[in-house]
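Residue-level listing of the chains:
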Amino acid sequence: MLKVLSQAAVETYRRDGVYWPVRVMPADDARKYRAALEAHEAKAGQPLQGNWRHKTHLLFTWADALVHHPKIVDVAEDVIGPDILCWTTNFFIKEPHSPGFVSWHQDSTYWGLDPDDVITAWVALTDVTPENGYMEVIPGSHKVDQLPHVDTFHKDNLLSRGQEIAVEVDKSKAVGIALSPGEISLHHIKLVHGSGANRSDDRRIGLAIRYIPTYVRQTKVRDSATLVRGTDKYGHFDLEPRPKADLDAAALAAHAEAIGRQVKALYEGTNKTAFRA
Ligand code: NI
């Protein structure tokens, strides 16, 4: 029994490793989430930085509400079943006329998750267009093996290690994912994807929510995750507390603890101790 997606949509996702758009909220609701983010940034005097761009849902009640958003979780359930953890969230924010880009990569490269039943719900909080650096994907590429990647640590690359696929990507097969605020796209952990710079006058803001069924394991470290639906009878992850107030002491401590584990997994083999600024 599917909750939001049609059977055809689920089949498309399984065939292509990607599916969009799915409207999960009115555009005005998405603008309210953007406003909450920007209220914090105005107070902080700078854009959301470094570690706070990751697992942001442990810091702010509005981000926690997004990862628990019933319709988004319904979509995840349609693909990965009823027992669902949020493994992480990552804000991909591109400032107007900024050089930030995402090289061609597979998310599976450094995450340590097994098996690969990992779905990203990429939530658009702004319009997402060719001009502002929308995501491009190679449909069907999730069915190829893990490709070799090289770390570049390029300063404008928004990925943790600036990792990029070390072999030729056939860009003639690439398809761009345009979204309106309040829509999401779905993609599989092994899908080949990347995105260009924002050449527009407004920010491009998306929150990537990574959902896994509770049976998925983390092979690199003892990791943590947030239970968003159902029950966890496996215990592969320590369960994270939800924030009771934005940036309160408990939320800051829980976030720091969780990020410490994630940095250890994602930057394994390097000397990095935090996400890039
Ligand atoms: Ni990615």
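Scroll up to find the structure.
Right, let's walk through the structure included here. (Residues numbered from 1 in each chain as written. Predicted model: local features only at pLDDT ≥ 70, side-chain atom pairs only at ≥ 80, totals over all residues. Heavy atoms only, no water.)

## Examining the sheet that holds strand E11 (residues 193–195)
This is how the line gets drawn: The pairing criterion for strands is at least two bridges between them, as found by DSSP. The helix count covers DSSP runs of H or I at least four residues long, the strand count covers runs of E at least two residues long, and both are numbered beginning at the N terminus. Axis definition: a line fit to C-alpha positions, over the contact stretch in the case of helices; interaxial angles, taken between N-to-C directions, run 0 to 180 degrees.
Spatially, 4 strands are ordered E3-E11-E6-E9 in an open sheet, and the strand pairing comes out antiparallel. Each edge of the open sheet is held by one strand with a lone partner, namely strand E3 (102–105) and strand E9 (175–177). The mean angle between the axes of side-by-side strands here comes to 25°, regardless of whether they run parallel or antiparallel. Relative to E11, strand E6 (residues 135–137) is paired through 3 bridges, and the arrangement is antiparallel. Considered in E11, the bridge of Met135 is made with Ser195.

## As for the coordination of the nickel ion
Note on metal geometry: ideal angles are 109.5 degrees for four donors arranged tetrahedrally and 90 or 180 degrees for six donors arranged octahedrally. The following threshold applies: Coordinating donors are taken to be N, O and S atoms lying within 2.8 Å of the metal, or within 3.2 Å when the metal is Na, K or Ca; because water is excluded from the atom set, some sites may appear incomplete. Burial classification: accessible surface area is computed with a 1.4 Å probe over protein chains only, and a residue below 20% of its type maximum counts as buried, one above 50% as exposed, and the rest as partly exposed.
Each protein donor to the nickel ion is listed here as His105 (NE2), Asp107 (OD) and His193 (NE2); together their distances run 2.0 to 2.1 Å. Counting along the primary sequence, the residues that act as donors to the nickel ion give the motif H-x1-D-x85-H. Classification of Asp107 by relative accessible area gives buried; the value is 6%.

## Comments concerning helix H6 (residues 249–266)
Applicable threshold: Given a helix with a known number of residues, its expected span is that number minus one, times 1.5 Å. Should any heavy atoms of two residues lie within 4.5 Å, those residues are considered in contact.
Relative to the 26 Å expected for 18 residues at 1.5 Å per residue, H6 spans 26 Å between its end C-alpha atoms, a close match to the ideal helical length. Within the span of H6, buried status applies to Ala251, Ala254, His255, Ala258, Ile259, Arg261, Gln262, Val263, Ala265 and Leu266. In this fold, the buried residues of H6 make contact with strand E2 (84–94), helix H5 (108–111), strand E13 (217–218), strand E14 (224–229) and strand E15 (238–239).

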